[in-house]
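Architecture and fold: a report
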Amino acid sequence: LGRTLTLNSWNTFCVPFDIPSDQLKAAFGDKCQLAKYTSCDATTLYFTTRDAVQAGVPYLLYPTQERNGDYYEFTGVDHFATGVHIVTHGENYRVSFVPNFAQSTAPAGVYVIRKNEVYHLPQSMAIKGFRGYFQEESGSVSPAKIMIDGIATGISTIETAPQADRI
């Protein structure tokens, strides 16, 4: 797997194969954290920690192990997902976590996470593969806070993404 991750920071993460717990910790550190999007309200996205990665499902990943290079090797991969699973939660406030396997374009108005900050994109932006973004479905959500297992993360919100950065 070729993927650049920011160490000791939350990263969006989605791959087309399962990663068992032991390989997840070997690749990203014994203290790495993996969190799955489970619900939302008007200001908060809620996540629950998981031990293993399911193919095609978007997560937040907090790697804690230094890496020489941006390549990770996983063994025992016997199938690949043919597509991604967009995860949508909420009734009055609906937010989707939209993953991708290949480079794509995040549309204007969505939210991306980079180095523990949430950026609201004023215009569309190219994003690399194995990542994801958050899209408001109801138009009245402002994800100002991210909670994992009921605890607020260090992820902060800023108004707009830098114009020159690729995420």
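The structure presented is a predicted model; accordingly, all values stated were derived computationally and were not measured. (Residues numbered from 1 in each chain as written. Predicted model: local features only at pLDDT ≥ 70, side-chain atom pairs only at ≥ 80, totals over all residues. Heavy atoms only, no water.)

Notes on the overall build of the protein
Here is the rule: Helix and strand definitions follow DSSP, with helices as H or I runs of at least four residues and strands as E runs of at least two, each counted in order from the N terminus. Each residue's exposure class comes from its accessible area (1.4 Å probe, protein chains only) as a fraction of the maximum for that residue type: buried when under 20%, exposed when over 50%, partly exposed otherwise. Any pair of residues with heavy atoms lying within 4.5 Å of one another is described as a contacting pair. Note on areas: Shrake-Rupley, 1.4 Å probe, and residue coverage restricted to the protein chains presented here.
Secondary structure summary: the protein contains one helix and 14 strands in total. Across the 167 residues in the protein, those meeting the buried criterion constitute 43%. For the protein, the share of sequence-separated contacts (at least 6 apart) that also reach a separation of at least 24 residues comes to 73%. For the protein, the accessible surface area stands at approximately 8,300 Å², while carbon and sulfur atoms represent 46% of it.

Quick look at the nonpolar core
Heads up, the rule is: Buried Ala, Val, Leu, Ile, Met, Phe, Trp, Tyr and Cys residues that are joined via side-chain atoms within 4.5 Å together make up what is termed a nonpolar core.
In terms of nonpolar packing, the biggest core is built from 18 residues, with Phe13 and Phe28 touching the most fellow members. Listed by contribution, the elements that provide at least two residues to this core are helix H1 (21-28) and strand S4 (59-62). When residues in this core are grouped by element, the largest group, three residues, is from H1.

Description of the packing of aromatic side chains
Defined as follows: Two aromatic rings, drawn from Phe, Tyr or Trp (for Trp, its six-membered ring), form a pair once their centres lie within 6.5 Å of each other, and the interplanar angle then sorts them: stacked below 30 degrees, edge-to-face above 60, tilted otherwise.
Taken as a whole and assessed by the stated rule, the structure comprises 12 aromatic pairs. With centroids separated by 5.1 Å and ring planes inclined at 55 degrees, the aromatic side chains of Trp10 and Tyr62 adopt a geometry described as tilted. Of this pair, Trp10 sits in the segment before strand S1 (11-13) while Tyr62 sits in strand S4; the two residues are 52 residues apart in sequence, bridging distant segments of the chain. Overall, Trp10 belongs to the buried group, its relative accessible area being 6%. Between Tyr37 and Phe97, the ring centres sit 6.4 Å apart and the planes meet at 75 degrees, which makes this aromatic pair edge-to-face. Taken together, the residues Tyr37 in strand S2 (residues 33-40) and Phe97 in strand S6 (residues 95-100) connect sequence positions 60 residues apart.

Details of the environment of Ile86
For Ile86, the position within the fold is in the loop between S4 and strand S5 (87-89). Judged by its relative accessible area of 51%, Ile86 falls in the exposed class. Sequence-wise, Ile86 and Pro99 are 13 residues apart; in three dimensions their C-alpha atoms are separated by 6.5 Å. Beyond its immediate chain neighbours, meaning those up to four positions away, Ile86 contacts Ser96, Phe97, Val98 and Pro99.

Here we look at the side chain of Asn100
Which entries qualify depends on this criterion: Within 3.5 Å is the distance limit for a polar contact, defined as a pair of N or O atoms, with the added protein rule that one can donate a hydrogen and the other accept it, and that residues adjacent in sequence qualify only through two side-chain atoms.
Position of Asn100 relative to the elements: it lies in strand S6. Among the polar contacts made by the side chain of Asn100, one reaches the main-chain carbonyl oxygen of Lys128 at a distance of 3.1 Å. If we skip the residues at most four places from it in the chain, Asn100 touches Cys14, Val84, Ile127, Lys128, Gly129, Phe130, Arg131 and Gly132.

Examining H1
An α-helical turn contains 3.6 residues, so a residue and the one three or four places further along point in the same direction. Quick note on the threshold: In this description, the arc belongs to the directions extending from the helix axis to the C-beta atoms.
Inspection of H1 places Gln23, Leu24, Ala27 and Phe28 among the buried residues, and these make up the whole buried set. When H1 is viewed along its axis, its buried side chains cluster within an angular range of 105 degrees and face the same direction. Along H1, the residues that are exposed and aim more than 90 degrees away from the buried face are Asp22 and Ala26. On its buried face, H1 sits against S1, S2 and S4. Immediately downstream of H1, the backbone of Gly29 shows phi near 110 degrees, a positive value.

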